[in-house]
Amino acid sequence: MTTRRLRLSAILWAAPAILAILALLYYPLAQNLRLSFLQWSVFSPEQEFVGFENYITAFGDAVFWIAIRNNVAYAAVSLIIQVGLGLILAALLDRFVKGRLQAFFRSVYFLPATISITVTGVLFSFIYHPEVGFLNEALRGLGLEGLARVWLGEPETAIWAIIAMSQWQWTGYVAALLLVAIQRIPSELYEAAALDGAGPVRQFLNVTIPLTREMVAVMSIVTVSNAFLVFNEIVAMTNGGPNNATQVLGTLIYQNAFVNDDMGYASAIATIVLFITLIIGATQLFYTSRKRVSL
Amino acid sequence: MTKKVRSRSKTVLVVSTLLTLTLSACGGSGDAGQGDQTLTVMHKWPEGDHAAFFEKVVDEFEKTNPGVSVEMQAIQDDPYKERLRVLTASDDLPDVYFAWPGGYGEQYFNAGFAADLTSELEGEWEGSLLPAAVEAYTVEGKNYAVPVSMSGKYMIYNSAMFEEHGVQVPTTYEELLTACDTFEAAGLTPITMGNNAMWPGVHYLTTLIAKHVPQDVMRADFEPATATFDHPGYIRAFEDLNELAQRCFTAGANGISNDSAKAEIQTGVAPMYYGESNIFSIFREANGATPEVAANWNFFAFPDIEGAEGDAESLTGAPDGFLVNEKSDNKDLAIEFLKFFTSQENGARLLEMRDRPSAVVGSAEGVADVLPQLDEALTHLQGVETFNIWLDTATNPEVGAAFLAGGQAAIDGSQTAEQILDSIRAASDSLK
């Protein structure tokens, strides 16, 4: 009786949260899936069922593939720089910098993450400015005029320039979080490894990496999903240009929903994004839960 | 037993409170002001002088119409489009709202979201407004908006720099290119251009296409059902833009913002800039122009292109106008408001407070501090018979997007004119 009463009241207590999640998360998701099979716009309220046509259009759309390529590039670079380099940075900080100096560096690393993207965008627009920009000035100063470019204005360089900006902004953030994970590793393990003759590199590979695996996994999921959801950076820097070279899935959804007024197509792309991120999340969780290392 | 009841009723209370909160948050828009009338207005000028002007007009309108209150919302350009779309989808449009002329505004009229104002405008009211401005907001002879202000696109130039380098105001396209070469040889950027936001490139394309393609052909092509885009003038327009980019524009224009380009004409770094008459106020010293520039600038209409088949007299530019919500309960009041807005007095006020030409005929009379150049532009605008509306709002949004991307491709030369035209054709064909 008591347990049953408890269970009933537990459900009732959880009900508002469940209702809210259903209404605010799962209902829109289901709705989005439904809309992706329809063709409609705000000016023609009748919704026409078109089956998989929106998906077929997407797969035949050159800009869609540019967007996918850009998102994949974003994810790959972010994974290598933010998580990879971030982990190395954190390990270096943990090992060679102590006390107040470490706290100082941690704050310095973390700082870019607290700056709003609008400000970062303006800052990097100055850095990348073709005539008076810091980057081209620096290249000229080093006698490398040949490498100076219109970083945001050339289709070949624009997306990489934006990706680079994101790395500047987020690597320190990831490193700061990984540092916390590293500091939770008991020092005896390093001492034991040292006694066994392992040098700093060996210790990093055999102690630090396995024991921060979970945090690394979480950060990888976050970084990769963020790379597939990127939007603000693009809007602030190029708005998808030049000639669609920096379109990503996020800007493509926005463009189709709010500019081209093609809601069905936008929903179809949104559904594709959902599937991509779900698959990434699921594989990473599956992989890391199998190889959990416990202390 | 009592305890059980109490705990359960507590739970029910929590659930119901939350539900009420959620529900009340959803059904926000209550009806305001029984008895008194409330007029809702939405536009895209939230900045300083513009906002002050709108507030003044609203104040005066409320004063002359007791019992009426105006609720005004101002949202900046890009978010404005988004907001309008959301309000349209939820059938919640304000009584009076701004929309761009051309395909953009027409879609609101065709879908029944904008009232037919033809009979209202007919006669005296229409006579008080500039014909080209009224014409821009018509579809098949029906007026769907009331124009309030106007803007024309002119080549703004630094007359001191022209004199210094011995350059005359170009009267043909060839002379413009030669002028560019002269400045280029002197180590200057001839025309300052920032096409990061893509619309500056489209403004050039609007002009070039109107010069090369006859008006009726152009209009048929902007309608997806009749579009062919096979007039050779389109190819020439894209080629011309590429040539301008190479010989005149700032290098790497696609990577530079319009604001940054505009600053170069304002501070005397570059001799030319293609800008709208509604930015003439930046040449006041108070608004950041250097004294030398403030005293030495002028403008000319984009020069004629030899052998081009389009309408050489037409001008790239457009009026700004307001639509009346067809589904509004306050239609009469909305029309009253727009009549008030376009009175001689408010036309003059618009010029005075916003440095922007009004669509009201003769509005410059009695305004003391009009920039002489603006006054000249106003005279020129009054003589314009056809406006070439910006391509990204004149056409369907998808075709507009193809033009925006195509402008960047023509400027950096990453695609040939044929390739760009193919992508525009493809966008248009997908709407058939």
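Residues numbered from 1 in each chain as written. Chains lettered and ligands numbered in written order. Predicted model: local features only at pLDDT ≥ 70, side-chain atom pairs only at ≥ 80, totals over all residues. Heavy atoms only, no water.

## Describing the domain arrangement of chain B
Residues and elements named next belong to chain B.
Part 1 of the reasoning: Partitioning chain B into domains gives domain 1 (37–150 + 319–375) and domain 2 (152–315 + 389–430).
Part 2 of the reasoning: Once you take the C-alpha centre of each, domain 1 and domain 2 turn out to be 28 Å apart.
Part 3 of the reasoning: Residue-level contacts link 16 residues of domain 1 with 15 residues of domain 2.
Part 4 of the reasoning: The three residues of domain 1 that bury the most area against domain 2 are D355, L371 and Q373, which together make up 39% of that side's buried surface.
Part 5 of the reasoning: Among the salt bridges present, the one from D355 reaches R284, with a minimum N-O distance of 2.8 Å.
Part 6 of the reasoning: Our count for the domain 1 to domain 2 interface comes out at five residue pairs in polar contact (both at pLDDT 80 or more).
Part 7 of the reasoning: Counting only elements with at least two residues in the side of domain 1 that touches domain 2, the list comes to α4 (103–110), α7 (131–136) and α17 (372–383).
Part 8 of the reasoning: For the side of domain 1 that touches domain 2, the element with the most residues is α4, which contributes three residues. (Domains from an automatic or database assignment. Contact = heavy atoms within 4.5 Å. Buried area = accessible area lost by both parts, 1.4 Å probe. Salt bridge = Lys/Arg side-chain N within 4 Å of Asp/Glu carboxyl O. Polar contact = N/O pair within 3.5 Å; in protein donor to acceptor, adjacent residues only side chain to side chain. Helix = DSSP H or I, 4+ residues; strand = E, 2+ residues; numbered from the N terminus.)

## Examining the pairing of strand β7 (residues 272–276) of chain B
Successive residues of a regular strand alternate their side chains across the two faces of the sheet.
Residue and element names in this part refer to chain B.
Part 1 of the reasoning: With five of five residues buried, β7 is to be regarded as a mostly interior element.
Part 2 of the reasoning: Going residue by residue along β7, you find M272, Y274 and E276 tucked away on one face and Y273 and G275 tucked away on the opposite face as well.
Part 3 of the reasoning: Two elements, strand β6 (residues 146–158) and β7, share five bridges in a ladder whose sense is antiparallel. Pairing of I156 across the sheet is with Y273, part of β7. (Buried < 20%, exposed > 50% of the residue type's maximum accessible area, 1.4 Å probe, protein only. Pairing = 2+ DSSP bridges.)

## Side note on the interface of chain B and chain A
Part 1 of the reasoning: Listed per partner, the contact involves 36 residues of chain B and 31 residues of chain A.
Part 2 of the reasoning: Note on chain B versus chain A: buried area summed over both sides is about 2,800 Å², and carbon and sulfur give 63% of it.
Part 3 of the reasoning: Remark: the boundary between chain B and chain A carries one salt bridge.
Part 4 of the reasoning: Across the pair B:R85 and A:D261 runs a salt bridge, and its minimum N-O distance is 3.3 Å.
Part 5 of the reasoning: Put simply, chain B and chain A have seven residue pairs in polar contact (both at pLDDT 80 or more) between them.
Part 6 of the reasoning: Here the side of chain B that touches chain A is built from residues that sort into 16 nonpolar, 13 polar and seven charged. (Nonpolar A, V, L, I, M, F, W, Y, C, P; charged D, E, K, R; others polar.)

## Let's talk about the packing of helix α3 (residues 77–89) of chain B against α4(B)
All names here are of chain B.
Part 1 of the reasoning: Remark: α3 packs on α4, axes separated minimally by 13 Å, with the N-to-C direction vectors making an angle of 10 degrees. By the criterion of interaxial angle, the relationship of α3 to α4 is roughly parallel. Contacts from K81, L84, R85 and T88 of α3 reach α4 at Y104, Q107 and Y108.
Part 2 of the reasoning: For the contact of α3 with α4, a count of residues per class yields three nonpolar, two polar and two charged. (Axes fitted to C-alpha atoms, helices over the stretch in contact; angles between N-to-C directions. Parallel < 35°, antiparallel > 145°, perpendicular 65-115°, else oblique.)

## Observations regarding the confidence of the model for chain B
Residues and elements named next belong to chain B.
Part 1 of the reasoning: Counting all residues, the mean pLDDT for chain B is 88, and 92% of those residues have values of 70 or more.
Part 2 of the reasoning: Low pLDDT (under 50) marks residues 1–34, which in the prediction has 13 contacts with non-local residues, meaning those over four places away or in another chain.
Part 3 of the reasoning: Quick note on the complex model: pTM equals 0.83, ipTM equals 0.77. (pLDDT = per-residue confidence, 0-100.)

## Things to note about the state of the cysteines
Residue and element names in this part refer to chain B.
Part 1 of the reasoning: Counted by the stated rule, this structure contains one disulfide over all chains.
Part 2 of the reasoning: Bridging C180 to C248, the disulfide has an S-S length of 2.1 Å. The S-S bond linking C180 to C248 shows a torsion near 105 degrees; that makes this disulfide right-handed. Within this pair, whereas C180 is found in helix α9 (residues 173–185), its partner C248 is found in the loop between α12 (232–247) and α13 (258–266), the two being separated by 68 residues in sequence.
Part 3 of the reasoning: Note on C248: relative accessible area 0%, which makes it buried. (Disulfide = S-S within 2.5 Å.)

## Some thoughts on the packing of aromatic side chains
Part 1 of the reasoning: Scanning all chains against the criterion turns up 45 aromatic pairs over all chains.
Part 2 of the reasoning: Here A:F124 and A:Y128 contribute two aromatic rings whose centre-to-centre distance is 5.8 Å and whose plane-to-plane angle is 55 degrees, an arrangement assigned as tilted. With A:F124 and A:Y128 both in helix α5 (residues 117–128) and four residues apart, this pair spans about one turn of that helix.
Part 3 of the reasoning: Sitting over the face of the ring of B:Y274, B:K153 holds its NZ or CZ atom 5.4 Å from the ring centroid. (Phe/Tyr/Trp six-rings, centres within 6.5 Å; stacked < 30°, edge-to-face > 60°. Lys NZ or Arg CZ within 6 Å of the ring centre and 35° of its normal.)

## Some details on the environment of B:Y144
Part 1 of the reasoning: Take B:Y144: it is sitting in the loop between β5 (142–143) and β6.
Part 2 of the reasoning: Among the polar contacts made by the side chain of B:Y144, one reaches the main-chain amide nitrogen of B:G102 at a distance of 3.5 Å.

## Details of the UniProt feature "domain: ABC transmembrane type-1" (unreviewed entry) in chain A
Part 1 of the reasoning: Taking the numbering used here, the UniProt-annotated feature "domain: ABC transmembrane type-1" (unreviewed entry) corresponds to residues 68–284 of chain A.
Part 2 of the reasoning: Helix makes up 76% of residues 68–284 of chain A and strand 0%, with an end-to-end C-alpha separation of 20 Å. (UniProt positions renumbered as here; feature names shortened; annotations may be inferred.)

## Observations concerning the packing of helix α4 (residues 99–110) of chain A against helix α7 (residues 158–183) of chain A
Residues and elements named next belong to chain A.
Part 1 of the reasoning: One can describe the packing of α4 onto α7 by two numbers: an axis separation of 7 Å at closest approach and a directional angle of 140 degrees. Relative to α7, the element α4 lies oblique. Contacts between α4 and α7 involve Q102, R106, Y109 and F110 from the first element and G172, Y173, A176, L179 and Q183 from the second.
Part 2 of the reasoning: Within the contact of α4 with α7, the residues separate by chemical class into five nonpolar, three polar and one charged.

## Looking at the confidence of the model for chain A
Part 1 of the reasoning: Residues with a pLDDT of 70 or more make up 96% of chain A, whose mean pLDDT is 89.
Part 2 of the reasoning: By mean pLDDT, strand β2 (residues 44–49) of chain A is the weakest element of chain A at 80, and helix α3 (residues 62–96) of chain A is the strongest at 95.

## Remarks on the pattern of salt bridges
Residues and elements named next belong to chain B.
Part 1 of the reasoning: Taken as a whole and judged by the stated rule, the model has 18 salt bridges over all chains.
Part 2 of the reasoning: A salt bridge links K153 to E276; the shortest N-O distance between them is 2.9 Å. On the criterion of sequence distance, the pair formed by K153 in strand β6 and E276 in strand β7 is long-range, its members being 123 residues apart.
Part 3 of the reasoning: Residues K262 and D259 are paired through a salt bridge, measuring 3.7 Å at the closest nitrogen-oxygen approach. Of this pair, K262 and D259 are both found in helix α13, three residues apart, which corresponds to roughly one turn of the helix.
Part 4 of the reasoning: For D259, a relative accessible area of 53% translates into the label exposed.
Part 5 of the reasoning: Through salt bridges with shared partners, a single ionic network connects K56, E60 and K63.

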